[in-house]
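Spelled out, the chains give:
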Amino acid sequence: MDGDGVEASTTAAWIERHRQMYERATRHPFTVSIRDGTIDLSTFKRWLSQDYLFVREFVAFVASVLLKCCKQHSSDMEIILGGVASLNDELSWFKNEAAKWGIDLASVSPLQSNMEYHRFLQSFTEPEISYAVAVTTFWIIETVYQDSFGFCIEEGNKTPPELLGTCQRWGSAEFKQYCQSLQRIADRSLANAPADAVKSAEEAFIRVLELEIGFWEMSSSKS
Ligand SMILES: Cc1ncc(CO)c(N)n1
């Protein structure tokens, strides 16, 4: 996207290089079925319950990114801190939404793909994982949702009205700008990172796409 200027964006190049997998994550039958109005509501509810548990785990992940940020790149602090703060709002939103759908969040336990994703997120609390790797991971996790749900509210959608609030949460122009800020931070950090960190960041980028695909699959599965 629009990096800081002259330099080509590393992250944009990765999206191109791994385009097929990126599309599988961001145009998954789960979100496409929201957009075309054919989503099965029990599937949607499964996703909602599981994502609530994901976001609780995500709080600790984003806090670990914030900690790495504070140790070295304090100029990004406000953006990351804003991310932590907005998760507070997000958890309230999930509780509200769950109540609307008659879901008892206290009785939900994580399914396998969700647990796998938790383990991946937990691995970032290790101090050896660099800020460049962590912030790039943060950016792609948010971007998959931004792109997926943004598509559900783009022109020509038949998204059911009761799902528009969900799509708006991650598909809004505001959330897109936030993702673009994270992307600029990731690109700047990668430009200054050693080659092995850049390699690890690309591996984490691919892993996130796999885990996101797994998460949609888990939400869609009838079992
Ligand atoms: C699985 C998953 N990925 C990304 C996001 C974006 O925050 C989310 N809420 N859940």
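Residues numbered from 1 in each chain as written. Predicted model: local features only at pLDDT ≥ 70, side-chain atom pairs only at ≥ 80, totals over all residues. Heavy atoms only, no water.

With an unreviewed UniProt entry as reference, the protein chain is termed aminopyrimidine aminohydrolase, source organism Panicum hallii var. hallii. The UniProt entry for the protein chain carries the following text under Pathway (unreviewed entry): "Cofactor biosynthesis; thiamine diphosphate biosynthesis." Looking at the protein chain in UniProt, the text filed under Catalytic activity (unreviewed entry) is "4-amino-5-aminomethyl-2-methylpyrimidine + H2O = 4-amino-5-hydroxymethyl-2-methylpyrimidine + NH4(+)". (UniProt positions renumbered as here; feature names shortened; annotations may be inferred.)

> Mind showing me how you'd approach the pattern of salt bridges here?
If charged atoms from side chains of opposite charge come close, those side chains can pair. Applying the stated criterion to the full structure yields ten salt bridges. Residues Glu-16 and Arg-19 are paired through a salt bridge, measuring 2.7 Å at the closest nitrogen-oxygen approach. Asp-76 is the partner of Arg-188 in a salt bridge, and the nearest nitrogen-oxygen pair spans 2.7 Å. Remark: Asp-76 occurs in the loop between α4 (41-72) and α5 (77-100) and Arg-188 occurs in helix α9 (residues 173-191); sequence separation between them is 112 residues. Judged by relative accessible area, Asp-76 falls into the buried class, the value being 2%. (Salt bridge = Lys/Arg side-chain N within 4 Å of Asp/Glu carboxyl O. Helix = DSSP H or I, 4+ residues; strand = E, 2+ residues; numbered from the N terminus. Buried < 20%, exposed > 50% of the residue type's maximum accessible area, 1.4 Å probe, protein only.)

> Where do I start with the UniProt feature "binding site: substrate" (unreviewed entry) in the protein chain in this structure?
UniProt marks Asp-51, Glu-90 and Glu-142 with the feature "binding site: substrate" (unreviewed entry), using the numbering shown here. Taking the farthest pair of C-alpha atoms as the criterion, the annotated set spanning 92 residues converges on one region, since that pair is 13.0 Å apart. One can find Asp-51 in helix α4. The class for Asp-51 is buried, based on a relative accessible area of 2%. Among all residues touching Asp-51, those that are not within four sequence positions of it are Phe-94, Tyr-145, Trp-170 and Phe-215. Locating Glu-142 in the fold gives a position in helix α7 (residues 131-153). A relative accessible area of 9% places Glu-142 in the buried class. Beyond its immediate stretch of four places on either side in the chain, Glu-142 contacts Phe-58, Phe-175, Tyr-178, Cys-179 and Leu-182. (Contact = heavy atoms within 4.5 Å.)

> I keep staring at the packing of aromatic side chains and nothing clicks. Help me out?
Centre-to-centre distance and the angle between the planes together describe a pair of aromatic rings. This structure, assessed with the given rule, holds 31 aromatic pairs. Measuring from ring centre to ring centre gives 6.4 Å for Trp-47 and Phe-94, while their planes differ by 50°; the resulting arrangement is tilted. A residue pair is termed long-range when its members are at least 10 positions apart, and Trp-47 in helix α4 and Phe-94 in helix α5 qualify at 47 residues. Just as Trp-47 is buried, Phe-94 falls in that class too. Taking the centre distance of 5.7 Å and the plane angle of 50° together, the rings of Trp-47 and Phe-149 count as tilted. Of this pair, Trp-47 sits in helix α4 while Phe-149 sits in helix α7, and the two are 102 residues apart along the sequence. Overall, Trp-47 belongs to the buried group, its relative accessible area being 0%. Take Phe-149: its relative accessible area is 0%, and that puts it in the buried class. Three or more aromatic residues joined by ring pairs make a cluster, and in this case those are Phe-30, Phe-44, Trp-47, Tyr-52, Trp-93, Phe-94, Trp-101, Tyr-145, Phe-149, Trp-170 and Trp-216. Lying over the aromatic face of Phe-151, Arg-27 brings its terminal NZ or CZ to 4.0 Å of the ring centre. It is Arg-35 that lies over the ring of Phe-151; its NZ or CZ is 4.2 Å from the centre. (Phe/Tyr/Trp six-rings, centres within 6.5 Å; stacked < 30°, edge-to-face > 60°. Lys NZ or Arg CZ within 6 Å of the ring centre and 35° of its normal.)

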